[in-house]
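Now for the letters of each chain:
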Amino acid sequence: MKTLFSRLLLAALLAANAFAAQAAVITDIAGRKVDAPAKVNRILLGEGRLFYALALLEGKQPLARIAGWQGDFRQLDPQTYAQYKKRFPEIDRIPLIGGTSENSVSAEKVLALKPDIAIFSISGHGPGLNNPIVKQLQSAKVPVVFVDFRNAPLEHTAPSLRIMGQALQREAEAERFIRFYQSKMDAIRKTVAAIPAQQKPKVFLDLRAGAFPNVTSAGKGSLGELVDAAGGVNIGDTLIPGAVGEVNMEHILAAKPDWYIGTGSA
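Residues numbered from 1 in each chain as written. Predicted model: local features only at pLDDT ≥ 70, side-chain atom pairs only at ≥ 80, totals over all residues. Heavy atoms only, no water.

Peer 1: Just checking my understanding: could you explain the packing of aromatic side chains for this structure?
Peer 2: We describe a pair of aromatic rings using the distance from one ring centre to the other and the angle between the two ring planes. In total, this model carries 12 aromatic pairs according to the counting rule given. Ring centres 5.6 Å apart and planes at 90° place the aromatic pair Tyr 52 and Phe 73 in the edge-to-face group. In this pair, Tyr 52 is assigned in helix H2 (residues 51-58) and Phe 73 in helix H3 (residues 72-76), connecting sequence segments 21 residues apart. The class for Phe 73 is buried, based on a relative accessible area of 1%. (Phe/Tyr/Trp six-rings, centres within 6.5 Å; stacked < 30°, edge-to-face > 60°. Helix = DSSP H or I, 4+ residues; strand = E, 2+ residues; numbered from the N terminus. Buried < 20%, exposed > 50% of the residue type's maximum accessible area, 1.4 Å probe, protein only.)

Spelled out as structure tokens, the structure:
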């Protein structure tokens, strides 16, 4: 009788452990159902600058679980990278999977890193939804989760951070920052709501100030959303069909913006 009981108890424990180890099903920002692993030790970032969001979740050891990333962080934001390097000199040892473009990413390097999970962005410098690397990772049983902090920041920032928290077992950290973020956004919205429409200044946003001969700005999306949310009128809303695009200087001058805001590389 004791032997039978022991066997039943062992079977129950094994079943419980197997259930606990099952992957959580997450819906990413692209609407894809993803089986996230129960334990994550090695994270692959499709873009290095996804680290900005990851660092919010990882606390005092933001680099500890990063298995590899793209080179855009160190090349396109050298100032921030240098600040992290002062505190975490081991940052230079993180393997690079490519340079600053989607085409530069090496599938061989990605697979050789044997990540537990990959975090990609739906747009930007890294592998997108239709990149063959996504299917290659899935064939290797590596889940790929897509987020977005670029195209629709007001709509997707909080959900994307929540998705990362769920995928990486950092849900409490994600929710803590989301509460902080939403409290600040609510305060801004309350202030802006009191500004009459005719008093809102027109703003031209130069996304790559001084970096390229062509002028790039934001339309209905990207940082253009933040201009509107902060009480301005982003002139790119009517000049650019997508989230980001090139704009003619004559059209900018004809719109007679009240403010110029320059941002971008360096």
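Peer 1: What is the right way to read helix H6 (residues 132-139) from this model?
Peer 2: Because each turn of an α-helix spans 3.6 residues, side chains separated by three or four positions in sequence point in the same direction. For H6, every residue scored as buried is listed here: Ile 133, Val 134 and Leu 137. Taken down its axis, H6 places every buried residue within 105° of arc, on the same side. Among the exposed residues of H6, those oriented more than 90 degrees off its buried face are Pro 132, Lys 135 and Ser 139. The inward-facing, buried residues of H6 contact strand S3 (43-45), helix H5 (107-112), strand S5 (117-121) and strand S6 (144-147). Looking at where H6 begins, the residue whose side-chain oxygen comes 2.8 Å from the main-chain nitrogen of Ile 133 is Asn 131. Note on H6: the residue one or two positions beyond its end, Lys 141, has a positive phi of about 65°. (Arc of directions from axis to C-beta. Contact = heavy atoms within 4.5 Å. Polar contact = N/O pair within 3.5 Å; in protein donor to acceptor, adjacent residues only side chain to side chain.)

Peer 1: Please clarify how the layout of surface pockets should be interpreted in this entry.
Peer 2: Space left empty within the atom packing is revealed by a probe, the size of a water molecule, rolled over the atoms. If you add up the space inside the largest pocket, you get close to 1300 Å³. If you trace the largest pocket, you find 38 residues lining it, with Arg 49, Tyr 52, Phe 149, Arg 150 and Leu 223 closest to the centre. Only H2, helix H7 (153-167), helix H8 (171-193) and helix H9 (223-229) provide two or more residues apiece to the lining of the largest pocket. Here the residues of the lining of the largest pocket are counted per class, giving 22 nonpolar, 11 polar and 5 charged. (1 Å grid on protein atoms, 1.4 Å probe; cavity = no way out; pocket = protein on both sides within 12 Å on 5 of 7 lines; lining within 4 Å. Points joined across faces, edges and corners; volume = space filled by probe spheres on them. Nonpolar A, V, L, I, M, F, W, Y, C, P; charged D, E, K, R; others polar.)

Peer 1: Help me out: how do you make sense of the nonpolar core in this one?
Peer 2: Generally speaking, a soluble globular protein has its nonpolar side chains buried in company with each other. Grouped together as the largest cluster of nonpolar side chains are 47 residues, with contacts concentrated most on Leu 45, Trp 69, Phe 120 and Leu 137. Phe 204, Val 215, Ile 235 and Ile 252 belong to the second largest nonpolar core, which has 7 residues in total. (Core = buried A, V, L, I, M, F, W, Y, C linked by side-chain atoms within 4.5 Å.)

Peer 1: Where do I start with the pattern of salt bridges in this structure?
Peer 2: Pairing is possible between side chains of opposite charge, provided their charged atoms come close. Scanning the entire structure with this criterion turns up 9 salt bridges. Residues Arg 49 and Asp 72 are paired through a salt bridge, measuring 2.8 Å at the closest nitrogen-oxygen approach. Taken together, the residues span a long stretch of sequence, with Arg 49 in the loop between S3 and H2 and Asp 72 in helix H3 at a distance of 23 residues. Overall, Asp 72 belongs to the buried group, its relative accessible area being 0%. Residue Arg 189 is joined to Asp 186 by a salt bridge in which the shortest nitrogen-to-oxygen separation is 3.5 Å. (Salt bridge = Lys/Arg side-chain N within 4 Å of Asp/Glu carboxyl O.)

Peer 1: I would appreciate a short explanation of the sheet that holds strand S9 (residues 233-234) in the present structure.
Peer 2: Whether parallel or antiparallel, the strands of a sheet pair through hydrogen bonds between backbone atoms. Within the open sheet, the 3 strands sit side by side as S9-S7-S11. Their pairing is parallel. One side of each edge strand has no neighbouring strand; the edge strands of this open sheet are S9 and strand S11 (259-262). Across 2 bridges, the pairing between strand S7 (residues 202-206) and S9 is parallel. Paired with Lys 202 across the two strands is Val 233, which belongs to S9. (Pairing = 2+ DSSP bridges.)

Peer 1: Would you mind going over the packing of H2 against H7 with me for this structure?
Peer 2: A packed helix pair is summarised by two numbers, namely the angle formed by the two axes and the spacing between the axes. Packing of H2 against H7 brings their axes to within 10 Å, and their N-to-C directions diverge by 55°. The angle between H2 and H7 places the two elements in the oblique class. As H2 runs across H7, the sense of the crossing is right-handed. Packed against H2, whose contacting residues are Ala 53, Leu 54, Leu 56 and Leu 57, the element H7 presents Leu 161, Met 164 and Gly 165 at the interface. A breakdown of the residues in the contact of H2 with H7 according to their chemical character gives 6 nonpolar, 1 polar and no charged. (Axes fitted to C-alpha atoms, helices over the stretch in contact; angles between N-to-C directions. Parallel < 35°, antiparallel > 145°, perpendicular 65-115°, else oblique. Left-handed = near helix turned anticlockwise from the far one by under 90°.)

Peer 1: Quick question: what am I supposed to make of unusual backbone geometry here?
Peer 2: Glycine aside, residues mostly have negative phi angles, and peptide bonds mostly take the trans form. Phi at Lys 114 is positive, roughly 50°, even though this residue is not glycine. The phi dihedral of Gln 169 is positive, around 60°, even though this residue is not glycine. With respect to the secondary-structure elements, Gln 169 resides in the loop between H7 and H8.

Nothing here speaks to function; it is all geometry.
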